[in-house]
Amino acid sequence: MVETSAAKPRTTRKAVIPAAGLGTRFLPATKAVPKELLPVVDKPALEYIVEESAAAGLDDVLLVTGRGKSAMVDHFDRRPDLEKSLEEKGKTAELNAVRRSSEIASINTCRQGEPKGLGHAVLCAASHVGDEPFAVMLGDDLIDARDPILPTMLDVQEEHGGIVLALLEVPREHIKRYGIVAVENTGRTGEGHLGDIVRVTDMVEKPDPDEAPSNLAIIGRYVLPAEIFEAIRNTKPGAGGEIQLTDAMADLLKAGTPVHGVVFKGRRYDTGAKIDYLKATVLLGVDHEELGSEFREWLTDYVKTSLA
Ligand code: UTP
């Protein structure tokens, strides 16, 4: 088990959320609206991510944006006119929901002029991040709040330094979509919904399944040292002309930076592709505090009567 260091403040204080991609898998919905702002049940995907960041103690959040910048920032800003109107009408629950999103974290933004890849997006955060380790959280990768992984990743980084990755076992046919790692066991495991804590010995972006070093994929949570910025500057564009974060991390690994991974076995929802987004909506819908029981009842009936 990993010892938690909840009592003392961690050195990692900032989270970077790259949200400047084109979202081509979700067109036409993402033509004018960034995929990070698409609602999952009743709030934008991005709000779940910012909540997860704040819950792990990272309440300094940098959004890397491209188009749709103002809408993303507006969502986390106060809305005095709307608040006043809700207050006058006595709509307390709605008022609280509107206020909550502006109180979760301190939101900063920077702009990625052109979507030249995840590595390039992370590099845009260099001046905001400075010399400290920081977390990167992908806006279309939702980790269920009941199954947190970030606090354990931060503890592992605190102990070993270097890079810490969230890893997921994926089926062979999905290997081509991810950065894949080779690992060694450390003999330690996380608790409950977390699996082994491993040492990463190699990583490769979107390999052919026959050449992949394992079926452990890097998912959208990283804790990175500030040295990553120099490594990204030295990284040549790879597949699709994009500067890949995996390539920069692989260079640091080769140069001796420790890289660890925490295997995730909990509930995770990918909202970047249409089919996964549909599944996420159903899975989070049936458990929703306010809508869950009615939705579950309807869904059960629908499956029995229309899909049987
Ligand atoms: P994805 O590859 O999932 O996002 O990048 P995408 O490029 O927007 O999606 P598709 O493949 O075209 O449908 C993972 C995350 O990195 C961000 C995206 O916004 C997403 O949250 N990203 C990607 C950037 O911020 N900048 C980039 O240049 C690329």
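These figures come from a predicted structure and were not determined experimentally.

## Some details on the overall build of the protein
And step 1. The helix and strand tally for the protein stands at 11 helices and 13 strands.
And step 2. The C-alpha atoms of the protein give a radius of gyration of 20 Å, which matches the 19 Å a tight globule of 308 residues would have.
And step 3. Dimensions of the protein, computed from the C-alpha atoms along their principal axes, are close to 60 × 50 × 45 Å.
And step 4. The buried share of the protein, reckoned over its 308 residues, is 49%.
And step 5. Intrachain contacts of the protein at a sequence separation of at least 6 include 78% that bridge at least 24 residues.
And step 6. Accessible area of the protein: about 15100 Å², with a carbon and sulfur share of 51%.

## Concerning the site of the ligand
And step 1. Residues in close proximity to the ligand total 19 residues, the closest being Gly23, Thr24, Arg25, Gln112 and Gly117.
And step 2. At a separation of 3.0 Å, an oxygen atom of the ligand approaches a polar backbone atom of proline 18.
And step 3. Between lysine 116 and the ligand, the recorded distance is 3.2 Å, taken from a backbone N or O atom to an oxygen atom.
And step 4. For the ligand, the protein covers 84% of the area, taking 570 Å² as the surface of the free molecule.
And step 5. Taken together, the residues that form the shell around the ligand break down as eight nonpolar, six polar and five charged.

## A short note on unusual backbone geometry
And step 1. For the peptide bond that leads from leucine 27 to proline 28, omega is 10°, which places it in the cis range.
And step 2. Phi is positive for valine 41, close to 65°, though the residue is something other than glycine.
And step 3. With relative accessibility at 26%, the residue valine 41 sits in the partly exposed group.
And step 4. Non-glycine residue lysine 206 carries a positive phi angle of around 45°.
And step 5. Tracing the backbone through its elements, the reader meets lysine 206 in the loop between strand E10 (194–205) and strand E11 (216–224).
And step 6. Assessed through its relative accessible area of 37%, lysine 206 is described here as partly exposed.

## Concerning a nonpolar patch on the surface
And step 1. A grouping of Trp298, Tyr302, Val303 and Leu307 is seen on the molecular surface, where their side chains present a nonpolar patch of about 410 Å² in accessible area.
And step 2. With respect to the helices, strands and loops of the structure, leucine 307 is situated in the segment after helix H11 (292–306).

## Details of the nonpolar core
And step 1. Core analysis: the biggest nonpolar cluster contains 48 residues, and Ile17, Val40, Leu142, Ile149, Leu150, Met153 and Val262 have the highest contact counts within it.
And step 2. If one sorts the elements of this core by residue count, helix H1 (residues 45–55) sits on top with five residues.
And step 3. The residues contacting valine 262, other than those within four sequence positions of it, are Ile149, Thr152, Met153, Val156, Val164, Leu165, Ala166, Leu167, Leu194, Asp196 and Ile197.
And step 4. One finds Val16, Ala125, Ile218 and Val259 within the second-largest nonpolar core, a separate group that totals 37 residues.

## A few points about the pairing of strand E6 (residues 134–137)
And step 1. Residues Phe134 and Val136 line one face of E6 and the alternating positions Ala135 and Met137 line the opposite face, and both faces are buried.
And step 2. Relative to E6, strand E1 (residues 14–19) is paired through three bridges, and the arrangement is parallel. Paired with lysine 14 across the bridge in E6 is phenylalanine 134.

Here is what the cut-offs are and how they apply
- Residues numbered from 1 in each chain as written.
- Predicted model: local features only at pLDDT ≥ 70, side-chain atom pairs only at ≥ 80, totals over all residues.
- Heavy atoms only, no water.
- Helix = DSSP H or I, 4+ residues; strand = E, 2+ residues; numbered from the N terminus.
- Rg over C-alpha atoms; globule rule 2.2 N^0.38 Å.
- Buried < 20%, exposed > 50% of the residue type's maximum accessible area, 1.4 Å probe, protein only.
- Contact = heavy atoms within 4.5 Å.
- Areas by Shrake-Rupley, 256 points an atom, 1.4 Å probe, with all protein chains shown as cover.
- Near = heavy atom within 4 Å.
- Polar contact = N/O pair within 3.5 Å; in protein donor to acceptor, adjacent residues only side chain to side chain.
- Nonpolar A, V, L, I, M, F, W, Y, C, P; charged D, E, K, R; others polar.
- Patch = residues over 30% accessible without salt bridge, like charges linked within 9 Å, V, L, I, M, F, W, Y side chains within 5 Å.
- Salt bridge = Lys/Arg side-chain N within 4 Å of Asp/Glu carboxyl O.
- Core = buried A, V, L, I, M, F, W, Y, C linked by side-chain atoms within 4.5 Å.
- Pairing = 2+ DSSP bridges.

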